[in-house]
Structure formats: structure tokens, C-alpha cells
Amino acid sequence: MTQDLTHYIGGAHVPGASGRFSDVYNPATGEVQARCPLASPDELAKAVEIAEKAQPGWAATNPQRRARVLMKFVHLLNRDMDKLAEALSREHGKTLPDAKGDVQRGLEVVEYCIGAPELLKGEFTDSAGPGIDMYSMRQPLGVTAGITPFNFPAMIPMWMFAPALACGNAFILKPSERDPSVPLMLAELMEEAGAPKGILQVVNGDKEAVDAILDHPSIQSVGFVGSTPIAEYIYGRGCSNGKRVQCFGGAKNHMIVMPDADMDQAADALVGAGYGAAGERCMAISVAVPVGEETADRLVEKLVPRIEKLKVGPYTAGADVDYGPVVTAEAKQRILGLVESGVEQGAELVVDGRDFQLQGYEDGFFVGPHLFDRVTPEMDIYRQEIFGPVLSTVRAGSYEEALKLAMDHEYGNGTAIFTRDGDTARDFANRINIGMVGVNVPIPVPLAYHTFGGWKKSGFGDLNQHGPDAFKFYTRTKTVTARWPSGLKEGGEFHFKAMD
């Protein structure tokens, strides 16, 4: 039986009223397992109306009490970790350990936000002028919204709504219509933790709902993670409507492998970062850049047996599955189309996964692992974000050539260098024009108390996700200058003054 999913509005599961639905697949079998309602502008407006009524009371709740709600939410996430991971894997396709990691990295942001009483403290200047004091305070924006992608249906929503709620805002989440069940579960858990009804709502939808968010005058800020063309669209339309907007787009992450690197360590890192979650990560390493022909030969020699041993299968096949299917049939066809373009444009397909079939799951959206060598910058597989289990090797003749490859690419989300030389690593970290850098770390996603954000066409807006930037993004600064008349402190007089 195909299940009809709901929105979560005003503390209740609300059936869709627009009559429009999107199919939610089981990526392992290719079967439709649910229908996701696609909201109309009227349904979105109803959620905003509820949020506007709920938010002032939540903002008036002191930060310590809001933090206690987040503490309870962390407890509930840990309690329901297995249930959340199973629901996530069923709709997304990633393995159970990877799904638990998805929840865990979001949970860590919630833990950071428990520090809201400290993070929201303002500034005070005594005697800024004669009898004048001056102070600044951070106040919530009001109703905020987030539009999140399919590849991290737990982590990225929590990256957005946890700091938004900690700051005293209401939040409306528009998750991906491909895997919406976990966001709905998170909203339920937040209310079980003590958040008032209407403070966190989930409105499912497509572009119609997105445009309604961008155009609604009461929504003060919008966060987005997804592809660069949509990030540019949301940033432009949201800003033109006077909203505070942060958008994070595509990526093409390079990993530079120096001749002095430990090749086993580098190969293991590339396999995990390139093929984990079927490559459906904005921080996946999709380009290996070995410096020197000998380095390249040694690296490819190490990579091939590791890649050929990868176990691809459904999350139900056990803990030793390395990665599962991609999210849709369209995603699979796009990946295989780009692989064909790589072959046609002259790249050497060292590991060929085009004929991969999984017995019993022939209708699933599984893509075998691919490894290209001798890729050049003009090829489509180098220029475009593939978002699949495809690793391209671009051979560089020198460190400077390798550095230039990463710096010249239009995307600037993440990068890494593997080397034993501290001077090289330090130079790389200082010069590279990319937002997140790993030194012998293949996926340099910062921990919750630092900020996440790319440069160039990977990020739009002047503030990043989570960490200190989140508390700046979800608040406005108000500065008060106060002066009080002197003499009042003397009190009343009980005798007649002598005449002058």
C-alpha cells in the first residue's frame, strides 16, 4: 500500500489540500512507497499565520529555557536514532551507519545551540558619554524558513532550525519531496521536547511552495542548500524581496596528492570520500589530483583494487555494504550519461561500473563505481558536479599546477591536500580560494562550533551555516543609547530652602 504523507502544521499532521503529490521511491527496489503532498501558496500562508502567532511567546521565553528544550530534543534524537536512521535509509537509500551519521552531525549542531544563553549575550559600554550608557542586544527575526536537499534529510534541516529556534524564531521547513519522512519526525520530536506548537512546522512542496516562501512578506529569512542554479535563483528572488538569504550550491571538490603522501592513506581517503553515500554529498571528493606521473601511477594502482572490492547494495543487506542506490532513476541516468561523455571525450575509464546489476534489485537505482584517469579540465566529467560514485583523476605536473586546477574551478566548496610536508600544507591552506580545507582530512566538514560554507559558485550570502555565523544570521542587532536626567536620585526635600 502506498502511504500518503502529510504536512506538519500547527502541531498536527495535516493532509495535503492542493491535490498535487510527488512520488517517494524506495531507491533499492524502484517502487513507489509513498506520496508526498505538494503545498499550495494558501497552505504555506496558513503555516506562516500560525508561526506569527506562536513566535512572540517563544521569543519572550528566556534563552536558558529555550536551551532546555534543545537539551530534551538531543535526548529524544538519541532515543529514536535507530528509527530515524531506518526511515532515512528507506527513502534515501544510504546505508544505516551513514544514515546514523546524518542524524548525528545534525544532533551536534543542536548541542552547540544549547549554548544560546552565552551566544546571544550583547555588549555594554558604561559612560559612553556624560551620563550616557550604550548597549547592543541580539533579537530574533520572527518567522524564518529553510529549503533543504534530499541528500541529508536530517542533518541539514537541523543545521538551520536548531539555531533559528535557539534564537527565538519560528521556523518553516520545506524539505526535499524525495525523502520527507525524517523532517516530519523531527518536528514531532521537537514538540515532544517542549517547543510550542507552530514554532517548527514542515510544509512539503515543489517550486510552487518555494516561490511562496520567497514572496511571503512575513518570512524574514531563507536558508537553502542544493544545486547552484537554484541557489542563484533563490538568492536573487529572496534578496529582491528584502529577506536575509543564505544559499549553498554545487561543488567539485579536489584532493591534491603530493609525492610524499602516504599512498595507502590517500587511497583509503579517496575511496571513502568519493564513493560514500554513492557520491551524493556536496563535500564528496570527485577529483583526485596526484602531482607527478609516478605519484599518479602509484595512486591509481592503489585505488583500483579498493574500488573493485566495494560492496554495493540495499541498506538491508548488512553493515558491510559500502554504499547504496542513488535517489532516483533520473539521477542514475544523468550519472551514466556523464560517464559516457567522459569515455567519448577521451578519458581513460579504469574501473567501469556501467554494467553493474544487483541480482534481485534490477529495478533499483544502483550505480556501480567508476574511476577515470587522465581527465582534462575541458571534459564534462571535470566541469560538472556528477553527484554519483564517479572519481576523476587529473594528473598535475607540479604543485603549482595542482593548486591552479582547484583555484580555477568555478566551485569552491571543499578541498584537501595529502602530504607529510607542513610547509606545503600551510601554503595550500593559505592560498586556496575555497571555503573548507582538509589537511590529510578528505571531507573537511567543520564541527558544529565552526561554520560551514563554500566560496565562489558554491555559496551565496555573507554568513555561513551553523557555528557563530548562525546566531548572527538568525538575529538582528539592536543598539540602545540611554541617558537619564541627573538629580532624581536625591529624592524628596522636607524643608524650606533659605532665600538667596
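Reading the values: rules and limits
Residues numbered from 1 in each chain as written. Predicted model: local features only at pLDDT ≥ 70, side-chain atom pairs only at ≥ 80, totals over all residues. Heavy atoms only, no water. 1 Å grid on protein atoms, 1.4 Å probe; cavity = no way out; pocket = protein on both sides within 12 Å on 5 of 7 lines; lining within 4 Å. Points joined across faces, edges and corners; volume = space filled by probe spheres on them. Nonpolar A, V, L, I, M, F, W, Y, C, P; charged D, E, K, R; others polar. Pairing = 2+ DSSP bridges. Helix = DSSP H or I, 4+ residues; strand = E, 2+ residues; numbered from the N terminus. Axes fitted to C-alpha atoms, helices over the stretch in contact; angles between N-to-C directions.

### With respect to empty space enclosed by the protein
Right, on to step 1. In this structure the tally under the stated criterion is three cavities of 30 Å³ or more.
Right, on to step 2. Space inside the largest cavity adds up to approximately 100 Å³.
Right, on to step 3. As for the largest cavity, its lining consists of 16 residues, of which G279, R281, A284, S286 and F387 are closest to the centre.
Right, on to step 4. Class assignment of the residues belonging to the lining of the largest cavity gives a composition of eight nonpolar, five polar and three charged.
Right, on to step 5. Size it by volume and the second largest cavity reaches roughly 40 Å³.
Right, on to step 6. K332, F356, Q357, L358, Y361, E362, G364 and F366 together form the lining of the second largest cavity.

### Details of the sheet that holds strand 23 (residues 475-483)
Right, on to step 1. Ordered in space as 6-7-23, the three strands form an open sheet in which the pairing is antiparallel. Among the strands making up the open sheet, the edge pair consists of strand 6 (123-129) and strand 23. The sheet shows a mean angle of 25° between the axes of neighbouring strands, direction not considered.
Right, on to step 2. Examined bridge by bridge, strand 7 (residues 132-140) and strand 23 share nine bridges and lie antiparallel to one another. Counted as the bridge partner of M137 is K478 from strand 23.

### Focus on the layout of surface pockets
Right, on to step 1. A volume near 920 Å³ is recorded for the largest pocket.
Right, on to step 2. Surrounding the largest pocket, 36 residues form its lining, F150, R178, G226, S227 and I230 being those nearest its centre.
Right, on to step 3. Where the lining of the largest pocket is concerned, the elements lending two or more residues are helix 8 (207-215), strand 11 (219-225), helix 9 (228-240) and helix 12 (329-344).
Right, on to step 4. At five residues, helix 9 tops the list of elements feeding residues into the lining of the largest pocket.
Right, on to step 5. When the residues that make up the lining of the largest pocket are grouped by side-chain class, the tally is 16 nonpolar, nine polar and 11 charged.
Right, on to step 6. Reported here for the second largest pocket is a volume of approximately 270 Å³.
Right, on to step 7. R105, F152, R281, I443 and V445 are, among the 13 residues lining the second largest pocket, the residues nearest its centre.
Right, on to step 8. Where the lining of the second largest pocket is concerned, the elements lending two or more residues are helix 4 (96-113) and helix 6 (155-166).
Right, on to step 9. Element by element, the count of residues in the lining of the second largest pocket is highest for helix 4, at four residues.
Right, on to step 10. Across the lining of the second largest pocket, the residue classes tally to eight nonpolar, one polar and four charged.

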